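Tertiary structure, described
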Amino acid sequence: MLKKSLFVVLIILIVPFNAFGKKDTVDIITTLTSNEEIGFLGLIDGVFFDENKQRLYVSDSSNNRILSYDSELKYLSALQPGGDLKHPTSLVRTSDGRFLVVEPSRKGILTINISQKSVKQVDFSKVPEAETFYPGNIAIDSADNVYIIDRANSRVLLFNPNLQFEREVLRDTKTRISDIKVDNQGNIYTLSTIEGVVKKYDGSGRKILEFGRRGQDKNEFNFPVSLAVDEKGLIYVVDQHKNKVLVFDKSGGFLFDFSGLGWREGRLAYPSFIFINNSGTIFIVDRDNSRISVFR
């Protein structure tokens, strides 16, 4: 009996934990924060990783600028187009290098073309109910189609690669849309902070998945503010009041959460946004710590 027990213990010690179904771990890589080169990193609102250029872009709303980092997350430069950029929030970059930046104070979307040294407002004249439009977060797909949340009308607008209005992809009269992401297959994911609900739509706007609810249990949301989807189809939701990230499978089943309230590296304080690139690097806006926390 003793020999059998020792054999079982030996097997447990040798066999990797993942063989028994242990979940993958999420580890902190680094944090991007204020320093002498960058200066004070103020209110951060948006993060976007350009897969073509292998560049990370961060909107620093307090300083009216967009910061860029290389693939090793080393600071490169700051884009500050004079007085044309006012409190930028959500941002994306097209495959030909144009930035699209949300400016809530102007109730519009700004397009910045560095090569042509031009800064323009996206034309909303052909959008129905344009007079009540109020911009939320934006997302972009692999074909450079741009998806824009209209918070005032709880809908998602689609603009083509030429930044011309195409159509209203979806309108959600039951919930208020807080965040949006588009996966590599063209599926659209939305999050409602107030209702605590995640929804998934196909490219035509047909709902194919809905899950989530408000509550205090591990698999429930307290105050969800942002979501992202990785290459495996796992769905990550930032809960601002829990100071955690909740992770769900493709069907909306809860898997695990990570991080928690704190100030040391790897912890979060009032997180507000999440972005995951194609290699699985997780960028989280750690708002009250005035930094970007980077996980893998």
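Keep in mind that this is a model prediction, so the values were computed, not measured.

**Description of the nonpolar core**
In terms of nonpolar packing, the biggest core is built from 42 residues, with Val47, Leu56, Phe124, Phe283 and Ile292 touching the most fellow members. If sequence neighbours within four positions are ignored, Phe283 has contacts with Val47, Phe49, Leu56, Leu73, Phe273, Ile274, Phe275, Asn277, Ile292, Ser293 and Val294. In this structure, Val238, Ile274, Ile284 and Phe295 belong to the second largest nonpolar core, which totals 15 residues.

**Some remarks on the pairing of strand β21 (residues 254-258)**
The side chains of a regular strand alternate, residue by residue, between the two faces of the sheet. Sheet analysis places strand β20 (residues 244-248) next to β21, joined by four bridges and oriented antiparallel. Bridging from a neighbouring strand, Val247 pairs with Phe256 of β21. Connecting the antiparallel pair β20 and β21 is a turn made up of five residues, with Gly252 showing a positive phi of about 90 degrees.

**Focus: the sheet that holds strand β12 (residues 155-159)**
If you trace the four strands from one edge of the open sheet to the other, you get β10-β11-β12-β13, paired in antiparallel fashion. Whereas interior strands pair on both sides, the edge strands pair on one side only; in this sheet they are β10 (135-140) and β13 (165-171). Shown here is a sheet whose adjacent strand axes are inclined to one another by a mean of 25 degrees, direction ignored.

**Considerations on unusual backbone geometry**
The backbone phi angle of Lys117 is positive, close to 55 degrees, even though this residue is not glycine. Residue position: Lys117 is located in the loop between β8 (108-113) and β9 (118-121). Within the chain, Leu163 stands out as a residue other than glycine whose phi angle is a positive 60 degrees. Topologically, Leu163 is positioned in the loop between β12 and β13.

**Observations concerning the side chain of Glu103**
Tracing the backbone shows Glu103 in strand β7 (residues 99-103). Of the residues examined, Glu103 reaches a relative accessible area of 0% and is grouped as buried. When sequence neighbours within four positions are dropped, the list of residues in contact with Glu103 reads Asp84, Leu85, Lys86, His87, Gly108, Leu110, Gln121 and Pro135.

**With respect to the sheet that holds strand β1 (residues 28-32)**
An order of β1-β24-β23-β22 is seen for the four strands of this open sheet, with the pairing classed as antiparallel. Because the sheet does not close on itself, it has two edges, and the strands there are β1 and β22 (271-276). Strand-to-strand twist across the sheet, computed as the mean angle between neighbouring axes with direction ignored, equals 20 degrees. Judged from the five bridges that link them, strand β23 (residues 282-286) and strand β24 (residues 291-295) form a sheet pairing that is antiparallel. When the sheet's bridge partners are listed, Asp286 is paired in β24 with Arg291.

**A word on the pairing of strand β17 (residues 207-211)**
Here four bridges tie strand β16 (residues 197-201) to β17, and the two strands are oriented antiparallel to one another. Residue Val198 lies in a different strand from β17, and its bridge partner there is Phe211. Taking the residues between adjacent antiparallel strands as the criterion, β16 and β17 are bridged by five residues, where Gly205 takes a positive phi near 95 degrees.

**Brief notes about the packing of aromatic side chains**
All told, the structure shown has eleven aromatic pairs when counted by the stated rule. Joined through ring pairs, the aromatic side chains of Phe124, Phe133, Phe159 and Phe165 make up one cluster.

**Here's the deal with the side chain of Asn153**
Within the element layout of this structure, Asn153 appears in the loop between β11 (146-150) and β12. Within polar-contact distance, the side chain of Asn153 engages the side chain of Thr132 at 3.1 Å. Among residues more than four places away in sequence, those in contact with Asn153 are Glu129, Thr132, Phe133 and Arg171.

**Let's talk about the confidence of the model for the protein chain**
In the predicted model, the protein chain carries a mean pLDDT of 91, and the fraction of residues at 70 or more is 92%. Here residues 1-22 is modelled with pLDDT under 50, and outside its nearest four sequence neighbours on either side it reaches four contacts, counting other chains as well.

**Brief notes about the environment of Phe211**
Mapped onto the elements, Phe211 comes out in strand β17. Phe211 sits 26 residues away from Gln185 along the chain, and the two C-alpha atoms are 20 Å apart. Apart from the residues lying within four places of it in its own chain, the contact partners of Phe211 are Gly196, Val197, Val198, Ile235, Phe248 and Gly252.

**A word on the pattern of salt bridges**
Counted under the stated rule, the structure contains 16 salt bridges. A salt bridge links Glu129 to Arg171; its shortest N-O distance comes to 2.5 Å. Taken together, the residues span a long stretch of sequence, with Glu129 in the loop between β9 and β10 and Arg171 in strand β13 at a distance of 42 residues. Look at Arg171 and you get partly exposed, because its relative accessible area is 35%. Glu210 is the partner of Lys207 in a salt bridge, and the nearest nitrogen-oxygen pair spans 2.6 Å. Exposure remark for Lys207: the relative accessible area of 43% places this residue in the partly exposed category.

About the cut-offs
- Note on numbering: residues in each chain are counted from 1, in written sequence order.
- For a predicted model such as this one, the threshold for reporting local features is a pLDDT of at least 70, and the threshold for listing and counting side-chain atom pairs is 80 or more; totals across whole chains, interfaces and linings nevertheless cover every residue.
- Each side-chain value is derived from all of the structure's non-hydrogen atoms; neither hydrogens nor water enter the calculation.
- Remark: nonpolar core denotes a set of buried residues (Ala, Val, Leu, Ile, Met, Phe, Trp, Tyr, Cys) joined through side-chain atoms within 4.5 Å.
- Burial status follows relative accessibility: with a 1.4 Å probe on protein chains alone, a residue under 20% of its type maximum counts as buried, one over 50% as exposed, and anything between as partly exposed.
- Every residue pair with non-hydrogen atoms within 4.5 Å of one another is taken to be in contact.
- Pairing between strands is defined by DSSP: at least two bridges between them are needed.
- Segments assigned H or I by DSSP are reported as helices when at least four residues long, segments assigned E as strands when at least two residues long, and all are numbered from the N terminus.
- Angles shown run from 0 to 180 degrees and are taken between the N-to-C directions of axes, each axis being a line fitted to C-alpha atoms and, for helices, limited to the stretch in contact.
- Ring geometry is summarised as follows: Phe, Tyr and Trp rings, the Trp one being its six-membered ring, pair when their centres sit within 6.5 Å, and such pairs are stacked at plane angles under 30 degrees, edge-to-face over 60 and tilted between the two.
- Within 3.5 Å is the distance limit for a polar contact, defined as a pair of N or O atoms, with the added protein rule that one can donate a hydrogen and the other accept it, and that residues adjacent in sequence qualify only through two side-chain atoms.
- Within a predicted model, pLDDT stands for the predictor's per-residue confidence, ranging from 0 to 100.
- Throughout this description, the term salt bridge denotes a Lys or Arg side-chain nitrogen within 4 Å of a carboxyl oxygen of Asp or Glu.

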